[in-house]
Amino acid sequence: MPCYTFNKDVTETGNYVLKTGYFIGVDWIESKKLGLYVAPKLNAENKEVDFIRMLFASLRHADVAKEVEELFEIKWSEPDIEITQQQDLLTPVLVVEFLSLLKVIVQKGLKMSYYKIQKNLNSRVKGKILVGKSIKHNLLQNKMLKTYCQYDIFGLDNKENRLLKKALKFVKSYLPKYSQLNLNKDLQNTFNFINPAFAKVSGDIDLNEIKDSKTNPFYKEYKTAIRLAKLILKRFGYNLSNTIKDKIKTPPFWIDMSKLFELYSLGLLKDRFKQQVKFQFKVGRGNELDFLLNAEDYKMVVDAKYKTKYEDGIDHKDLRQVSGYARLKKVYEHLGKEQGQVIDCLIIYPDQHHGHEDLMKVELKDNEVNNYYDIYKLAVKLPCLS
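Residues numbered from 1 in each chain as written. Predicted model: local features only at pLDDT ≥ 70, side-chain atom pairs only at ≥ 80, totals over all residues. Heavy atoms only, no water.

A.B. asks: Is there a simple way to explain the sheet that holds strand β12 (residues 277-282) in this structure?
C.D. replies: Whenever strands of a sheet pair, they do so through backbone hydrogen bonds, lying parallel or antiparallel. If you trace the 5 strands from one edge of the open sheet to the other, you get β12-β13-β14-β15-β16, paired in mixed fashion. Each edge of the open sheet is held by one strand with a lone partner, namely β12 and β16 (375-380). Going from strand to strand, the sheet's axes swing by 30 degrees on average, the running direction of each strand aside. In the sheet, strand β14 (residues 299-304) pairs with strand β15 (residues 344-350) via 5 bridges, with the strands oriented parallel. (Pairing = 2+ DSSP bridges. Helix = DSSP H or I, 4+ residues; strand = E, 2+ residues; numbered from the N terminus. Axes fitted to C-alpha atoms, helices over the stretch in contact; angles between N-to-C directions.)

A.B. asks: Please explain helix α8 (residues 257-273) as it appears in this structure.
C.D. replies: An ideal rise of 1.5 Å per residue puts 24 Å on 17 residues; α8 measures up with 24 Å between its terminal C-alpha atoms. Among the 17 residues that make up α8, 15 are buried, leaving the element largely enclosed by the rest of the structure. Residue K274 follows α8 closely and has a positive phi angle near 50 degrees. (Expected span 1.5 Å × (residues − 1). Buried < 20%, exposed > 50% of the residue type's maximum accessible area, 1.4 Å probe, protein only.)

A.B. asks: What should I look at first to understand a negative patch on the surface in this one?
C.D. replies: Where like charges cluster on the molecular surface, the negative patch consists of E296, D297, E363 and D366. Relative to the helices and strands, E363 is located in the loop between β15 and β16. We classify E363 as partly exposed; its relative accessible area is 34%. (Patch = residues over 30% accessible without salt bridge, like charges linked within 9 Å, V, L, I, M, F, W, Y side chains within 5 Å. Areas by Shrake-Rupley, 256 points an atom, 1.4 Å probe, with all protein chains shown as cover. Salt bridge = Lys/Arg side-chain N within 4 Å of Asp/Glu carboxyl O. Lys, Arg positive; Asp, Glu negative; His and termini not counted. Charge placed at Lys NZ, Arg CZ, Asp CG, Glu CD.)

A.B. asks: What am I meant to see in the layout of surface pockets here?
C.D. replies: Here the idea is plain: a probe the size of a water molecule rolls over the atoms and shows the empty space left. Looking at the largest pocket, its volume works out to about 450 Å³. Taken together, the elements giving at least two residues each to the lining of the largest pocket come down to α8, β13 (288-294), β14 and α9 (316-325). By residue number, the principal contributor to the lining of the largest pocket is α9, which donates 4 residues. Of the residues that constitute the lining of the largest pocket, the class distribution is 7 nonpolar, 2 polar and 10 charged. (1 Å grid on protein atoms, 1.4 Å probe; cavity = no way out; pocket = protein on both sides within 12 Å on 5 of 7 lines; lining within 4 Å. Points joined across faces, edges and corners; volume = space filled by probe spheres on them. Nonpolar A, V, L, I, M, F, W, Y, C, P; charged D, E, K, R; others polar.)

A.B. asks: In this structure, what is going on with the nonpolar core? I would like to understand it.
C.D. replies: Proteins that are soluble and globular tend to have nonpolar side chains buried together. Grouped together as the largest cluster of nonpolar side chains are 92 residues, with contacts concentrated most on F51, F72, F98, L164, F198, I255 and L293. Residue contributions to this core peak at 11 residues, all from helix α3 (residues 90-108). For F72, the residues in contact, after removing those within four places along its chain, are L90, V93, L94, E97, R227, L228, L231, W254 and I255. (Core = buried A, V, L, I, M, F, W, Y, C linked by side-chain atoms within 4.5 Å. Contact = heavy atoms within 4.5 Å.)

A.B. asks: Would you mind showing me how to read a nonpolar patch on the surface here?
C.D. replies: On the surface, V125, I129, V131, I135, L139, L140 and M144 cluster together into a nonpolar patch covering about 680 Å² of accessible area. By secondary structure assignment, the location of I135 is in helix α4 (residues 131-137). On the basis of relative accessible area, I135 is assigned to the partly exposed category, the value being 36%.

A.B. asks: What should I look at first to understand the sheet that holds strand β7 (residues 113-122) in this one?
C.D. replies: With antiparallel pairing, 3 strands are arranged side by side in an open sheet as β7-β9-β8. On the outer flanks of this sheet lie β7 and β8 (128-129), each paired with one strand and no other. Relative to strand β9 (residues 146-155), β7 runs antiparallel, the two sharing 10 bridges. Counterpart to Y115 in the pairing with β9 is I153.

A.B. asks: Mind showing me how you'd approach the environment of K361 here?
C.D. replies: Within the secondary structure layout, K361 lies in the loop between β15 and β16. Assessed through its relative accessible area of 82%, K361 is described here as exposed. With 89 residues separating them in the primary sequence, K361 and R272 have C-alpha atoms 8.5 Å apart.

A.B. asks: Before we go on, may I ask you to explain the environment of Y372 in this structure?
C.D. replies: Position of Y372 among the secondary structure elements: in the loop between β15 and β16. Residues Y372 and N192, 180 residues apart in the sequence, show an inter-C-alpha distance of 51 Å.

A.B. asks: What exactly am I supposed to notice about the packing of aromatic side chains here?
C.D. replies: Each aromatic ring pair is characterised by the separation of its centres together with the angle its planes make. Evaluation of the coordinates by the stated rule reveals 8 aromatic pairs. Note on Y22 and Y306: the rings are 6.0 Å apart at their centroids and 80 degrees apart in plane angle, and the pair reads as edge-to-face. Separated by 284 residues along the polypeptide, Y22 in the loop between β2 (16-20) and β3 (23-30) and Y306 in the loop between β14 and α9 bring together distant segments of the chain. Overall, Y22 belongs to the partly exposed group, its relative accessible area being 29%. Site record: aromatic cluster; members linked through ring pairs are Y22, F261 and Y306. The ring of Y222 carries the charged tip of K111 above its face, separated from the ring centre by 5.3 Å. Its guanidinium or amino end placed over the ring of F281, K330 lies 5.8 Å from that ring's centre, counting from NZ or CZ. (Phe/Tyr/Trp six-rings, centres within 6.5 Å; stacked < 30°, edge-to-face > 60°. Lys NZ or Arg CZ within 6 Å of the ring centre and 35° of its normal.)

A.B. asks: Before we go on, may I ask you to explain the pattern of salt bridges in this structure?
C.D. replies: If the charged atoms of two oppositely charged side chains come close together, the side chains can form a pair. By the definition in use, this model includes 16 salt bridges. Between R53 and D50 there is a salt bridge whose closest N-O contact spans 3.7 Å. Exposure remark for R53: the relative accessible area of 27% places this residue in the partly exposed category. With a closest N to O distance of 3.8 Å, D157 and R162 form a salt bridge. Here the residues in one salt-bridge network are D303, K305, K307, D315 and D318, joined through shared partners.

Next up, the structure:
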């Protein structure tokens, strides 16, 4: 689905009609002349969805943090748009994702590796002698017992950790400015948990050094964390003063709210069912389930739909899709079902009036869809800005 459509209404007034999809963000309708800002509003009651709290809640689970790759798109090649800090939806997303991943990394322990250092040694030589520096800093200054050397050392102050530390410095400057979503305390607590782990890491780094960096499978979170660190630095133009400005310039960007709702629903399910929930369960080509729930009381194919129409209706296309997933042989095998047994299906959707804030004690099969057997729908309430 496109982020928005802008077409001429030829049947009536001849005016242009703008329709938005399931995306929030800013973009050019006409480059450098006419911009568009789409706020995170779910219905006509003029309340904004607290999409950052949704993301923060989702990323409490370490295995959800790695699923944020397709959440946003940034159009770096297009001209910047000037907006206020309150309209900046992108930076909070980058910061929350970055801090959540760093928390996982710190809980595991920072990666240690070999890296090169240069040091002016006294009365000894180690590694490679740096002739030029030794002449300039020692021989010409009559320091005959000293030699500049370059050698490898094993520790925390490697180039990957230095990049993360540098981005963390920008986040530290940004957090006090970011107050409109009432997450300061939570984000600050996360920052305070992370920061001491980088005490022995320098923040000096040339970004070109990270181009060909390889990550150990045990430290798989580093790949995404490094990508986010680069985006944060680029987002602020590599200038620390840009973190505190009231008005900023941003490249056009879009955040996928349907993807975010999917992650939020996954977080709610994992709060209760932990590892009994499989996310994006793949069956061959072209078949990828949102969730597959394999619990003692619930063996279900689950789909998350960011559609308010489920408040008082259904979408038959969605129901046919989820029903089709429930007929796949691999799904039967994973759930331990035999041919002929019916697998329940569940649609999770947003409802700000009757939705559940959590699923810890909710009966998932309370609301069966009319005219269908064993297909249920479940409403969740999204956090909103007051």
